[in-house]
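Structure at a glance
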Amino acid sequence: MPENPSRTLHLNAFLMSTGHHEASWRLPQSDPRANVDIEHYKRLARIAERGTFDSLFLADGPVLFEDVAQRPAGVIEPLTLLTVLATATEHIGLIATASTSYNSPYNLARRFASLDHVSAGRAGWNIVTTAGAAAARNFGLDDAPAHAERYERAAEFLDVALKLWDSWEDEVFVGDKEAGIWGDNDKIHPPRHRGRFFSVEGALNVPRPPQGYPLLVQAGSSEDGKDFAARYAEAVFTAQQTLADAQSFYADLKARTGALGRDPDGIKVLPGIVPVIADTEAEALRRERELDDLIVPWHAQRRLAELLQVPIEQLALDGQLPDDLPPETQIQGAQSRYALIVDLARRERLTVRQLIGRLGGGRGHRTFTGTPEQVADAIQSWFEGGAADGFNIMPAALPSGLELFVEHVVPVLRARGLFRSEYVPGQTLRERYGLPRPANQHLVSRDPSVTAASTPATAPTPSLVPA
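A brief look at the structure comes next. (Residues numbered from 1 in each chain as written. Predicted model: local features only at pLDDT ≥ 70, side-chain atom pairs only at ≥ 80, totals over all residues. Heavy atoms only, no water.)

Here the focus is helix 6 (residues 223–232). When helix 6 is considered as a whole, its buried residues turn out to be Gly 225, Lys 226, Phe 228, Ala 229, Ala 230 and Tyr 232. In the core, the buried residues of helix 6 are packed alongside strand 4 (123–128), helix 5 (147–165), strand 9 (215–218), strand 10 (235–238) and helix 7 (243–259). (Buried < 20%, exposed > 50% of the residue type's maximum accessible area, 1.4 Å probe, protein only. Helix = DSSP H or I, 4+ residues; strand = E, 2+ residues; numbered from the N terminus. Contact = heavy atoms within 4.5 Å.)

Printed below as a string of structure tokens:
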């Protein structure tokens, strides 16, 4: 892909309790209870905002993910937490993960609309389809639906959410005190949706969000996930270990997006990177070893067995992965992460012990250890090499890793003309990602002068809405 000198990086801060390395809570300076400390998250948000990051991001799922013996377990519900962080910051975007598998469109659309109002247009939704029997059993099910069915449900869920955000036209408000008319009922449009998974009758009970829709983010890299992203997503969080793999994913996703009639520049690809930074490469490597030495092998071995869907007895610490692992297509969980981890282990002929060390920092995301200049070089090479539009920054330890990135890597990126030095006042998260505010679909259908080109392709036009 030819280099575009006008492009600038997008940086998202992925916040996770004491850091992304599973042993970060064991560092002397870490607070083991940071996962539920609101002041900790306020500090992180302000650090990221000082670094003029586009956004910050919170992962989530309706299940207790961790063995509580392994690392800080349990998190504050992200939309609740981001509402607090909206009042502690002024500019940075606020992206929350929410599952289409175990939510209802009406409640979730209302909560994201509310966050967008509270934050003056800074909300984003990381759309996920939750896998695994453990989550299913929390909602009265014996097991999660099959992979393809989860994405079918997600497509209808998002279709309904878009209808709900558009159920208020922007011009509803009249405010005629003399006549006693607050709003125009003709500009309220109940969805009256009847579908395979959902039946939603009435209009949303909160006005249309300041952004029209929150920024729509997606994080799956399976075939179903890429198809879903190409249809709806405006930013994609992904994981690749090599430049070649990242370039292949980037080109594939942009091509799928274009094939659906969308502008490929309207979807931003942000691979995850776990930076371990120090003044010298030797010191950075020492910090990485310090973290890896704190990993408890039993915990990591058990988690790997669950992901690979094999008995733990088949994963000898000093042996390689079994030859007869299940094919990716039989995995009903995170197919793309499964494929990435197996490929990493096979390609580099890693033992299980070596593999869990590599996964300890970022669960399959690329770990880069080095000086600020070396980290900036790696970011620049992927950005200019057709592999990324930006990066999901996942510090191994928090808050120290984020502070080091902001204080030492961001200035290098700014000096190279790759990243902003200040925010544009009043800019919404969509505007920061270079995206227009979507026109209300009812206005599009009513007014011939409002064309598809004036609204992002996530709007439910006939060519994009699944049957």
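Inspection of the entire model under this criterion finds 14 aromatic pairs. Of the aromatic side chains, those joined through ring pairs into one cluster are Phe 112, Trp 125, Phe 157, Trp 165, Phe 197, Phe 198 and Tyr 213. (Phe/Tyr/Trp six-rings, centres within 6.5 Å; stacked < 30°, edge-to-face > 60°.)

The subject of this paragraph is the pattern of salt bridges. A side chain of one charge can pair with a side chain of the opposite charge if their charged atoms are brought near each other. Here the structure, examined in full by the defined rule, presents 25 salt bridges. Arg 256 is paired through a salt bridge with Asp 252; the nearest N and O atoms lie 3.0 Å apart. Placement of both Arg 256 and Asp 252 in helix 7 is noted, with a separation of four residues, approximately one turn of the helix. For Arg 256, a relative accessible area of 17% corresponds to the buried category. Residue classification places Asp 252 among the partly exposed residues on the basis of a relative accessible area of 24%. Several salt bridges converge on common partners, so that one network encompasses Glu 223, Lys 226, Asp 227, Asp 252 and Arg 256. (Salt bridge = Lys/Arg side-chain N within 4 Å of Asp/Glu carboxyl O.)

Okay, helix 12 (residues 372–384) next. In a regular helix each residue adds 1.5 Å, so 13 residues correspond to 18 Å; helix 12 covers 18 Å between its end C-alpha atoms and thus fits that length. Listed in full, the buried residues belonging to helix 12 are Pro 372, Val 375, Ala 376, Ala 378, Ile 379, Gln 380, Trp 382 and Phe 383. Looking one or two residues past helix 12, Gly 386 carries a phi angle of roughly 70 degrees, positive in sign. (Expected span 1.5 Å × (residues − 1).)

Moving on, we get to the nonpolar core. Side chains of nonpolar character tend, in soluble globular proteins, to be buried together. Judged by nonpolar contacts, the single largest core of 74 residues is most densely connected at Phe 53, Trp 125, Trp 165, Leu 402, Phe 405 and Leu 413. It is helix 5 that provides the largest number of residues to this core, a total of ten residues. In this structure, Leu 402 is in contact with Ala 13, Leu 15, Leu 44, Ile 47, Ala 48, Phe 53, Pro 395 and Ala 397, ignoring residues within four places of it in sequence. (Core = buried A, V, L, I, M, F, W, Y, C linked by side-chain atoms within 4.5 Å.)

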